[in-house]
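# Fold and geometry: a report
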Amino acid sequence: MLHAGVLMKLGAYGVVRLGIGLLADAARSSGRGSSARIACINIVYGALSAMAQTDLKYVVAYSSVSHMGIVMLGVATLTEQGLNGAVFQMVAHGIMTGLFFALVGLVYEKAHSREIFKMGGFAHDDAGHRDGVHDRRLLVARAAGDRGLRRGVPDVRRRLGVGASVVAASRRRSARS
């Protein structure tokens, strides 16, 4: 949790503050296009790696790598909008990644496994019988969680952090053409 929630963002923040803040001329003269291309490869590679995993912890970890590619794409633009999107993505992703790892821990506590294909559902007791009261509680929790995912922090994070980074990258690319 500490690595994905804090340490990955520390490196990106160092690039923003030191690499761009102190060495602005060098950042402008270096290959921005190659940084943006590497960021795009990072986004796709991290997402494909996350989809190939069977362990929930690794799914969160590889998706975290993909999200840091979005931060790198925002930083590669060297525009105010791109840097704001990158910093917002770092903050929101740090919070959400910590929560996702905590959720994986809760799932492990209930299922005694992090393997996705070994989970048959949480509405069964140890003997495999359905528990009606437990089912109703899961239904309420699922409905509340779905509502939060549609209208809560993850949706705002996705729109602001990712959106600002991608829009800044596309504007930067069209300005060069």
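Values in this document were obtained by computation on a predicted structure and should not be read as measured data.

## Regarding the overall build of the chain
- Helices and strands together make up the secondary structure of the chain, namely seven helices and zero strands.
- Helices and strands appear in the chain in the N-to-C order α-α-α-α-α-α-α.
- Looking at the 177 residues of the chain, the share that counts as buried comes to 31%.
- The contacts in the chain between residues at least 6 apart in sequence include a share of 70% that link residues at least 24 apart.
- When the accessible area of the chain is evaluated, it comes to approximately 11,300 Å², of which 64% is carbon and sulfur surface.

## Some words on the confidence of the model for the chain
- Across the chain, the average pLDDT comes to 76, with 68% of residues at or above 70.
- Confidence, read as mean pLDDT per element, is least for helix α6 (residues 132-151) in the chain (51) and greatest for helix α4 (residues 56-77) (90).
- Here residues 146-154 scores under 50 on pLDDT; set against residues more than four positions off or in separate chains, the count is eight contacts.

Conventions and cut-offs
- Residues numbered from 1 in each chain as written.
- Predicted model: local features only at pLDDT ≥ 70, side-chain atom pairs only at ≥ 80, totals over all residues.
- Heavy atoms only, no water.
- Helix = DSSP H or I, 4+ residues; strand = E, 2+ residues; numbered from the N terminus.
- Buried < 20%, exposed > 50% of the residue type's maximum accessible area, 1.4 Å probe, protein only.
- Contact = heavy atoms within 4.5 Å.
- Areas by Shrake-Rupley, 256 points an atom, 1.4 Å probe, with all protein chains shown as cover.
- pLDDT = per-residue confidence, 0-100.

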